[in-house]
Amino acid sequence: MDVDIWAWVGDTQQQLSEAGNVGLAMALGDLPAQAYEGRYPQLDVMAPAIAQQAEALELPWLEFYARYWHLIGRIGDRAQGAVALDDAQQLREFAQREDVRECPAAPAAVEAMAIAWANADGPGHAAERLELLGAHIEALTPEKPAFTGLVTQYVAALIDAGRPSEAVTYAESAVERLRVAGRESSWELGAEGARALLAAGRAEDALQALQAAAGFDADDPVAKEHRDGVRRALVLATLGRIAEAVDALPDLDVVGEHPRVFVEWSQTVSKLAGSAQITNTWQLGRVLRQWIDYFGMMGGYRARVELALVAGELAIGRQGVWQAGLLADLAESGLPELRDTEGLAERIAALRATADATDEPEPPGPLEERVGLFDAADGFNADPERWVGWLAPLSGRDIEATRRHTTTAGFLGYPATGADIYWKMLVDSGDIATAEADDVAYLTTLLIEARQDERLEQMAAMLPHDAQYLALARLHSARERWPETLEAAEHAVAAGAGLEARRLLSGAAQQLDQNARAAGVLHDVLDELVEEDVWRMIVMATAAEDWEIVRKGAAKIGMPIKSTEGPIEEEMGLIRVILPAPDGGQRQVLSIRTGPATARLALPQPRGMEYNAGDLVIFDPQLLEPVPEDPEEQQNFVPPFAAVSILRPGGYTSYFFDGAAPSEEDWAEFTEVMAERGWPMWVYSDENYTVSHPSSGERLPGVFGWVAVPPDVSPNEVDALLDDATERWVHPLAWLDLARELDVEVERHERIVKEYGL
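Definitions and cut-offs
- Residues numbered from 1 in each chain as written.
- Predicted model: local features only at pLDDT ≥ 70, side-chain atom pairs only at ≥ 80, totals over all residues.
- Heavy atoms only, no water.
- Helix = DSSP H or I, 4+ residues; strand = E, 2+ residues; numbered from the N terminus.
- Buried < 20%, exposed > 50% of the residue type's maximum accessible area, 1.4 Å probe, protein only.
- Contact = heavy atoms within 4.5 Å.
- Lys, Arg positive; Asp, Glu negative; His and termini not counted.
- Charge placed at Lys NZ, Arg CZ, Asp CG, Glu CD.
- Phe/Tyr/Trp six-rings, centres within 6.5 Å; stacked < 30°, edge-to-face > 60°.
- Lys NZ or Arg CZ within 6 Å of the ring centre and 35° of its normal.
- Polar contact = N/O pair within 3.5 Å; in protein donor to acceptor, adjacent residues only side chain to side chain.
- Pairing = 2+ DSSP bridges.
- Axes fitted to C-alpha atoms, helices over the stretch in contact; angles between N-to-C directions.
- Core = buried A, V, L, I, M, F, W, Y, C linked by side-chain atoms within 4.5 Å.
- Parallel < 35°, antiparallel > 145°, perpendicular 65-115°, else oblique.
- Left-handed = near helix turned anticlockwise from the far one by under 90°.
- Nonpolar A, V, L, I, M, F, W, Y, C, P; charged D, E, K, R; others polar.
- pLDDT = per-residue confidence, 0-100.
- Salt bridge = Lys/Arg side-chain N within 4 Å of Asp/Glu carboxyl O.

## Topic: the overall build of the protein
Looking only at helices and strands, the protein has 36 helices and 10 strands in total. Its C-alpha atoms give the protein principal-axis dimensions of roughly 90 × 80 × 50 Å. Residues counted as buried form 51% of the 758 residues belonging to the protein. Residue pairs in contact within the protein that sit at least 24 positions apart in sequence constitute 60% of those at least 6 positions apart. In the protein, 62 positive and 126 negative side-chain charges are present, and the distance between their average locations comes to 4 Å.

## Quick word on the packing of aromatic side chains
All told, the structure shown has 22 aromatic pairs when counted by the stated rule. Where Phe374 meets Trp387, the ring centres are 5.4 Å apart and the plane angle is 90 degrees; that geometry is what we call edge-to-face. With Phe374 in helix α20 (residues 370-376) and Trp387 in helix α21 (residues 384-391), the pair connects residues that are 13 residues apart, well separated along the chain. Centroid distance Phe657 to Phe670: 6.1 Å. Interplanar angle 75 degrees. Geometry classified as edge-to-face. Placement of the pair is Phe657 in strand β6 (residues 653-660) and Phe670 in helix α33 (residues 664-677), with a sequence separation of 13 residues. Residue Phe670 is classed as buried on the basis of its relative accessible area, which comes to 1%. Through a chain of ring-to-ring contacts, three or more aromatic side chains come together here, namely Phe262, Trp265, Trp291, Tyr294 and Phe295. The ring of Phe411 carries the charged tip of Arg286 above its face, separated from the ring centre by 4.0 Å. The ring centre of Trp423 lies 4.6 Å from the NZ or CZ of Arg455, which sits over that ring.

## Brief notes about α21
Working note: α-helix, 3.6 residues per turn, so residues spaced by three or four point in the same direction. With respect to burial, α21 is a largely interior element, seven of its eight residues being buried. The complete set of buried residues in α21 reads Pro384, Glu385, Trp387, Val388, Gly389, Trp390 and Leu391. Those residues of α21 that are buried lie in contact with α16 (282-298), α18 (321-333), α20 and α22 (399-411). Residue Asp383 occupies the N-cap position of α21, its side-chain oxygen lying 3.0 Å from the main-chain nitrogen of Glu385.

## Examining the environment of Arg231
Counting through the fold element by element, Arg231 comes out in helix α12 (residues 221-238). Apart from residues lying up to four places away in sequence, Arg231 is in contact with Ala191, Glu192, Arg195, Leu210 and Glu264.

## Focus on the sheet that holds strand β5 (residues 640-648)
Spatially, five strands are ordered β1-β2-β3-β4-β5 in a closed barrel, and the strand pairing comes out mixed. Each adjacent strand pair in this sheet contributes to an overall mean axis angle of 55 degrees, direction not counted. Where strand β1 (residues 574-580) and β5 come together, three bridges link them in parallel fashion. The partner of Arg576 across the bridge, within β5, is Pro640. Relative to the sheet, helix α30 (residues 531-543) contacts β2 (586-593), β3 (598-601), β4 (616-620) and β5, its axis offset from that of β4 by approximately 160 degrees.

## Quick word on helix α29 (residues 515-523)
Taken together, the buried positions of α29 are Asn515, Ala518, Ala519, Gly520, Val521 and Leu522. The inward-facing, buried residues of α29 contact α28 (499-511), α30 and α31 (547-557).

## Observations regarding the nonpolar core
Membership of the largest hydrophobic core comes to 131 residues, with the highest contact counts inside it found for Leu31 and Phe64. Setting aside its immediate chain neighbours within four residues, Phe64 contacts Leu91, Phe94, Ala95, Val100, Ala105, Ala106 and Ala109. If you look at the next biggest cluster of nonpolar residues, it comprises 58 residues, including Leu443, Ala518, Met537 and Val539.

## Focus: the packing of helix α10 (residues 187-199) against α12
The contact between α10 and α12 brings their axes to 11 Å, and the two run at 15 degrees. In terms of axis orientation, α10 runs roughly parallel to α12. Crossing of α10 against α12: the hand is left-handed. Where α10 approaches α12, its residues Trp187, Glu188, Ala191, Glu192, Arg195 and Leu198 are matched on the opposing element by Lys224, Arg227, Asp228, Arg231, Leu234, Val235 and Thr238. Looking at side-chain class alone, the contact of α10 with α12 contains five nonpolar, one polar and seven charged residues.

## Let's talk about the confidence of the model for the protein
Summary statistics for the protein give a mean pLDDT of 93 and a share of 97% for residues scoring 70 or more. Helix α1 (residues 6-18) is the least confidently modelled element of the protein, averaging 68 in pLDDT, while helix α17 (residues 301-317) averages 98, the highest of any element.

## Description of the pairing of β2
Within a regular strand, the side chains alternate between the two sheet faces. Where β1 lies against β2, seven bridges are found, and the strand directions are antiparallel. Note on β2: the bridge partner recorded for Ile578 is Gln588. Pairing between β2 and β3: three bridges, direction antiparallel. Bridge pairing in β3 places Ile592 opposite Arg600. Here β2 hands over to β3 after four residues, the two strands then running antiparallel side by side.

## Focus on the pattern of salt bridges
Where charged atoms of side chains with opposite charge meet at close range, the side chains can pair. Per the counting criterion, the structure on display carries 45 salt bridges. A salt bridge links Asp87 to Arg74, with the shortest nitrogen-to-oxygen separation between them at 2.6 Å. With a gap of 13 residues between them, Asp87 in helix α5 (residues 82-95) and Arg74 in helix α4 (residues 60-75) connect regions that are remote in the sequence. Look at the salt bridges and you will find they share partners, linking Asp375, Glu400, Arg403, Arg404, Glu436 and Asp439 into a network.

Given below as structure tokens:
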């Protein structure tokens, strides 16, 4: 959003805070960072929540702001296409409402619409983008903050329309108009101008344009470095400056989380793959296959086809003839989704022709020995792509070869290919009813991964009762249809389908909050369980407060429990419990472990949190961090575990305090008083927090935090204790929220807050 509305944002935050919506005010300012920094779990929670509250409060500008940043988090770095078009159109219509159109950010909805169209099919939507953007740009002057973002998208649309020379001229004109208006281009506009130059065959000029743009600020500052690196590498590769291109190209582990650059990065790698510095491996092919599927799910139709063609060319470079053929088929299957297919049919035909003319790698031995050679191959260094080709002549005829060939193809991202072969061998032949359990399991997995649900249901109908319902339970579980999973797994368990059916039944029951049932179905076969199963049973039994099963599980894994009956309440050391934060992030709370899967939170939490000191929580006993190898580090290591749920609230209430820090002696006495009362207290400020001396203005060390009290302690008792404990301090401490709650000395606390700038 190249729109300066931050003054409005600040005013809105202040108004919301004064109205008591502190959480909403805090979250509001963090939305752009969540979108740009890739904190999508937070953004996907907070943005809709803010938009909903804004609608309820009748604040349409705020609602637009929240909806816009949520959309940018989807169509920006995540590069969502067709799946975001409806939301982009709705935001555009919302921005045209009478009570929204005067918002300084409203033109950004047009930019978002253009981006979504470009993500879906840039060339196919080029005319629409140009028409929409042109009409709005005409109404803007370069002084307007929205100008830069709109003209950047106009340049991109001209390139996609096959008019790169015009795009170059337009970009240069826009930069000059900004200069005359006293404004600077954005990095995005400069980089798009460089892309236009490259498309016009002027690679040297494109490189100079990128170098000039490097000094410009970016609308998305977090992405600037890797986006600039990818584009610079593409230009350098086009110029044949291979070593420089390799140095400029960000590593796969950098770009792997940024779908917006997947296509350009892959095109660059394709240009560099013939060099000694870039290794064209099966691992690269597998990653590109995953990216292709990503764009298939996100409606990035053009990107999906383009990536398939690039991946096919790279596969040819590895002699992956079978893979190149499948990628050509995949690219062809995507053509009906595109509005403009000019040149694509020819590229697909060329890929197929090259594949037909390419020799496959020499096999490692005779056909009849290949299964044995596959099994003897070094699992670390073996090339699965080559083995798929080498086993193909046997697959569908020899069951051992079929198992290895189809599952390896699935591993590489081609489950549908493996499923087709298995289907012909087992289903079309009528042998599926008597097939071995492993083969049914392999085919089930391939069908699930290929998302061929109807086919799986058709196969399941041909299986014996136990295998039929086990296959259906696996399908429903993969699709997170928990009631259906539960029902199918019950049939499978009753028919004797074994431990896997019990795991599916237990997992579905847990998802449906039937923890007693979930634990019981595993407890019935306790002797058959592996350690992971036992821990799952312990967690679910804890949630159901079935302490007998918890004790049996603990005994099974060798964990001593002192008590013999009733709830388990023991001190087993400190742990960190990872809990959700209101902004969609996470909080680590120091806690005392009280049982195999329980802990009592030890630190007070701010008001408005769904948990607090004294709460008994259930956690997943799987460590989130490895134990350090260094013995000294082990001594200070506090193991972290993910919270599952709150078993029993402690009923504690938190009160906020703030002020100038007292002397060390006074602070030690204060903490001792809190400890004697058993009131958890925690300082959230750090050494950088300072307050203002009321008379001199000198900066003083400050301190703020929370104290939590049990449910049998009244607010009056807290107020009295804080008064007594701090009355001799040189500078007073404020607890304004508590004072307002009691309506006691409110003016005094308000004065402290104002005078010390708290």
